[in-house]
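Below, each chain spelled out in residue letters.
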Amino acid sequence: MPAWLELLTVVMIGLCVGSFLNVCAYRLPLDESIVSPRSRCTSCGRTLTWFDNLPVLSWVALRGRCRTCKQPVSWMYPAVEIVTALIFVIIYLTYGPTLLSLARAVFASALIVLFVTDLQHKILPNVITLPGIVVGFVCSLFLPPGWVSSLIGLVVGGGFLLAIAEAYYRVRGQEGLGMGDVKLLAMIGAFLGWKLVLLTLVFASFTGSLAGGVLIASGRGNMKYALPFGTFLAVGALLAATWGEPIADWYFGFYQ
Ligand SMILES: [Zn+2]
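Residues numbered from 1 in each chain as written. Predicted model: local features only at pLDDT ≥ 70, side-chain atom pairs only at ≥ 80, totals over all residues. Heavy atoms only, no water.

Q: Could you give me a rundown of the pattern of salt bridges, with the residues and numbers involved?
A: Scanning the entire structure with this criterion turns up four salt bridges. Linking Arg46 and Asp52 is a salt bridge whose minimum nitrogen-to-oxygen distance equals 3.3 Å. Judged by relative accessible area, which is 24%, Arg46 ranks as partly exposed. Since its relative accessible area comes to 10%, Asp52 is described here as buried. A salt bridge links Glu166 to Arg170, with the nearest nitrogen and oxygen atoms 3.1 Å apart. A residue pair is termed a helical-turn pair when its members lie 3 or 4 positions apart in one helix, as Glu166 and Arg170 do in helix H6 (residues 147–172) at four residues. When salt bridges that share partners are traced, they join Arg46, Asp52 and Arg67 into one network. (Salt bridge = Lys/Arg side-chain N within 4 Å of Asp/Glu carboxyl O. Buried < 20%, exposed > 50% of the residue type's maximum accessible area, 1.4 Å probe, protein only. Helix = DSSP H or I, 4+ residues; strand = E, 2+ residues; numbered from the N terminus.)

Q: Which residues make up unusual backbone geometry, and what values do they have?
A: Between Ser36 and the following residue, Pro37, the backbone shows a cis peptide bond with an omega angle of 0°. Tracing the sequence through the fold places Pro37 in the loop between helix H1 (3–27) and helix H2 (57–61). Here the amide bond leading from Pro144 into Pro145 is cis, since omega sits at 10°, within 30 degrees of zero. As for its position among the elements, Pro145 is in the loop between helix H5 (126–139) and H6.

Q: How would you explain the side chain of Thr242 if you had to name every residue and give the values?
A: Tracing the backbone through its elements, the reader meets Thr242 in helix H8 (residues 229–254). Take Thr242: its relative accessible area is 5%, and that puts it in the buried class. Here the side chain of Thr242 touches Leu238 through a polar contact of 2.8 Å, landing on its backbone oxygen. A polar side-chain atom of Thr242 sits 3.2 Å from the main-chain carbonyl oxygen of Leu239. (Polar contact = N/O pair within 3.5 Å; in protein donor to acceptor, adjacent residues only side chain to side chain.)

Q: For helix H7 (residues 179–217), give the residues involved together with the corresponding values.
A: End to end, H7 covers just 29 Å across 39 residues, shorter than the expected 57 Å (1.5 Å per residue, more than 12% under). Considering bend angle alone, the principal kink of H7 is centred on Gly193 and spans about 130°. One or two steps after H7, the chain reaches Gly219, where phi turns positive at roughly 75°. (Expected span 1.5 Å × (residues − 1). Bend = angle between axes of the 7 residues up to and from the residue.)

Q: Explain the coordination of the zinc ion residue by residue, including any values.
A: Donor atoms from the polypeptide that bind the zinc ion are Cys41 (SG), Cys44 (SG), Cys66 (SG) and Cys69 (SG), placed at 2.3 Å. Coordination geometry of the zinc ion: the four donor atoms subtend angles of 104 to 116° at the metal centre, consistent with an arrangement described as tetrahedral. When the donor residues of the zinc ion are listed from N- to C-terminus, their spacing reads C-x2-C-x21-C-x2-C. Classification of Cys69 as partly exposed rests on a relative accessible area of 24%. (Donors = N, O, S within 2.8 Å, 3.2 Å for Na, K, Ca; no water. Tetrahedral: all angles 85-135°; square planar, octahedral: opposite > 155°, others 65-115°.)

Printed below as a string of structure tokens:
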């Protein structure tokens, strides 16, 4: 297969998976089934036909509005589809047609759903994080980073945040980090191993402080305005899952 056709196939798969991830991100926080009923307009409830439901294309063709009720359809839907396709391409270009690519694509898909649910509802559904921990560990039995690194990553990732959450609760008397964040970081550790889970924390803290700084500087938030940390963990883990290995080698080599 020519290289462009391979990439086009990856893009198509990414767009379709992204479309499914939208369904998951919308329905899981509402405790709805992700298989039935068929997709509907969230304003008027009309069932979408296949041509209302083509990734990105339908949204552009309908100029971001429902065909029937003309209510706006969030730009988050096509954005999730495009980002999913983009991340799948980066994974494919980095790891090639391998099982590792497949594992990283599954991992990235989970992270994209968690990013959206945490941003919109401040929820990191257990139905994703808990099986994610198991799947990540099982994959690591025969894929990088190997089961030892995965197990350490799982325990250190989850345990580290658990300690911070506990300390924060004792000092401030309120919950700063939820158990969802703890389970998410355990899942990240299970998939990526201890080195990349630490790198994820570095990325997440950096982008989190940056976003917090921007919010405070623009007067739209203060220190009490709780940014959902899970969204930053998801972004950090996506970076770690794609470009993490060379950065981790440099980063940990730097501190030896
Ligand atoms: Zn409608």
